[in-house]
Amino acid sequence: SSLIAKWLFLFLSIIFVLKKKYINFILLSIPLMIYSFSIPDRTLITIVILGVFVILISQLKVKITLKKLIFLITIFSTLLFLLLFNKLIYNIIFNNQIFDFNQFVIQINNLQRSFEPSLIFAHSILALDIDNFDTFSYLKSILSNFYIFPGYFGISNNYYYENLISNIPFELNYGLGGSLFASSFLAFGYPGLALIGFLFGIVLIKLDYFSKINKSNLRILSISVLSLVAVYIYRNSLDNFLSFIKQIVLLYIFIQIQVFTILILIKKLSKHENFTHNK
């Protein structure tokens, strides 16, 4: 439930920015950043900020005021800071690592070894040397997302990551989230890689178009999924990535059920009051 609830931050951020309630979004960002540092997990804060950034760009159109420019620079700077130093700050606060400014300098100087994008794309190179990857197990991991709680049945939706950890020749405690392209190649070869790449592009195009023209509540869901696809698919395999999509969809359905129920109750109470008044 906590995994699903965290996406509520994304939904609320999108709603506030779509309605141009930027102060509300800034206030929401405070607990969001605290959550990001305390886990530590850069996934949610990155998806939220980049998703919001795209909406803001579409709202700016041609005229860019100083206020909006400062706002965009603040968002970009916050995102960059979280991407680079999230884990380091977590270790200083929660793991009693001694604060030393040189640690920040070392982090910058060793980006090629510690920064996630570099490691993620290196998965494709490592994939060429792995010869114990089981396509059936990967398919099983992907299909496990049809269960709401696959872990309850003893099924994992993280086969690629587990296989990667068992094969990678060095030890890292973060930055190994998976790679869509490496996992597709391992499981399905070049045909599967081409198909997944094609579907990836189509999904981005369709979701982008739908998010621009649709004015219903589904727009919130589509922007949420679009943000996740555009940002996180580059550092996750298909099996675990689909579990995130499932969480977002489940949260959206849960909220819609609540909204529908509340509207029905309001409608019934209104009818009852009118009936009583007429009598």
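Refer to the preceding data block for the structure.
Report follows, based on the coordinates. (Residues numbered from 1 in each chain as written. Predicted model: local features only at pLDDT ≥ 70, side-chain atom pairs only at ≥ 80, totals over all residues. Heavy atoms only, no water.)

1. Here's the deal with helix 2 (residues 8-18)
Turn by turn, an α-helix covers 3.6 residues, leaving residues three or four places apart pointing in a common direction. When helix 2 is considered as a whole, its buried residues turn out to be Leu10, Phe11, Ser13, Ile14, Phe16 and Val17. The positive-phi residue at the C-terminal boundary of helix 2 is Lys20, with phi of around 60°. (Buried < 20%, exposed > 50% of the residue type's maximum accessible area, 1.4 Å probe, protein only. Helix = DSSP H or I, 4+ residues; strand = E, 2+ residues; numbered from the N terminus.)

2. Comments concerning the packing of helix 2 against helix 12 (residues 218-232)
Relative orientation of the contacting elements helix 2 and helix 12 amounts to 115°, with a least axis distance of 10 Å. At the point where helix 2 passes helix 12, the crossing takes the right-handed sense. For the pair helix 2 and helix 12, the contacting residues are Leu10, Phe11, Ile14, Ile15 and Leu18 in the first and Arg219, Ile220, Ile223 and Ser224 in the second. Here the contact of helix 2 with helix 12 is composed, by residue class, of seven nonpolar, one polar and one charged. (Axes fitted to C-alpha atoms, helices over the stretch in contact; angles between N-to-C directions. Left-handed = near helix turned anticlockwise from the far one by under 90°. Contact = heavy atoms within 4.5 Å. Nonpolar A, V, L, I, M, F, W, Y, C, P; charged D, E, K, R; others polar.)

3. A short note on the environment of Val231
In this structure, Val231 sits in helix 12. For the pair Val231 and Gly51, spaced 180 residues apart in the sequence, the C-alpha separation amounts to 8.6 Å. Residues in contact with Val231, not counting those within four places in the same chain, are Thr46, Ile47 and Leu50.

4. Details of the packing of aromatic side chains
Evaluated as defined, the whole model comprises seven aromatic pairs. Look at Tyr138 and Phe188: their rings are 6.1 Å apart centre to centre, the planes differ by 50°, and that puts the pair in the tilted class. Taken together, the positions of Tyr138 in helix 9 (residues 135-143) and Phe188 in helix 11 (residues 180-213) put the pair 50 residues apart, joining distant regions of the chain. Classification of Tyr138 as buried rests on a relative accessible area of 1%. Judged by its relative accessible area of 31%, Phe188 falls in the partly exposed class. (Phe/Tyr/Trp six-rings, centres within 6.5 Å; stacked < 30°, edge-to-face > 60°.)

5. A few points about the environment of Thr135
Mapping Thr135 onto the fold places it in helix 9. On the basis of relative accessible area, Thr135 is assigned to the partly exposed category, the value being 27%. Along the backbone, Thr135 and Leu186 are 51 residues apart, and their C-alpha atoms lie at a distance of 7.6 Å. With residues near it in sequence (within four places) discarded, Thr135 still touches Leu186, Ala187 and Phe188. Within the local environment of Thr135, its side chain forms a polar contact with the backbone oxygen of Ala187, the two atoms lying 2.8 Å apart. (Polar contact = N/O pair within 3.5 Å; in protein donor to acceptor, adjacent residues only side chain to side chain.)

6. Examining the side chain of Asn145
Residue position: Asn145 is located in the loop between helix 9 and helix 10 (159-167). Among the residues examined, Asn145 registers a relative accessible area of 10% and is labelled buried. Among the polar contacts made by the side chain of Asn145, one reaches the main-chain carbonyl oxygen of Asp239 at a distance of 2.9 Å. Sequence-distant contacts of Asn145, that is, excluding residues within four places in its chain, are made with Asn157, Asp239, Leu242, Ser243 and Lys246.

Nothing here speaks to function; it is all geometry.
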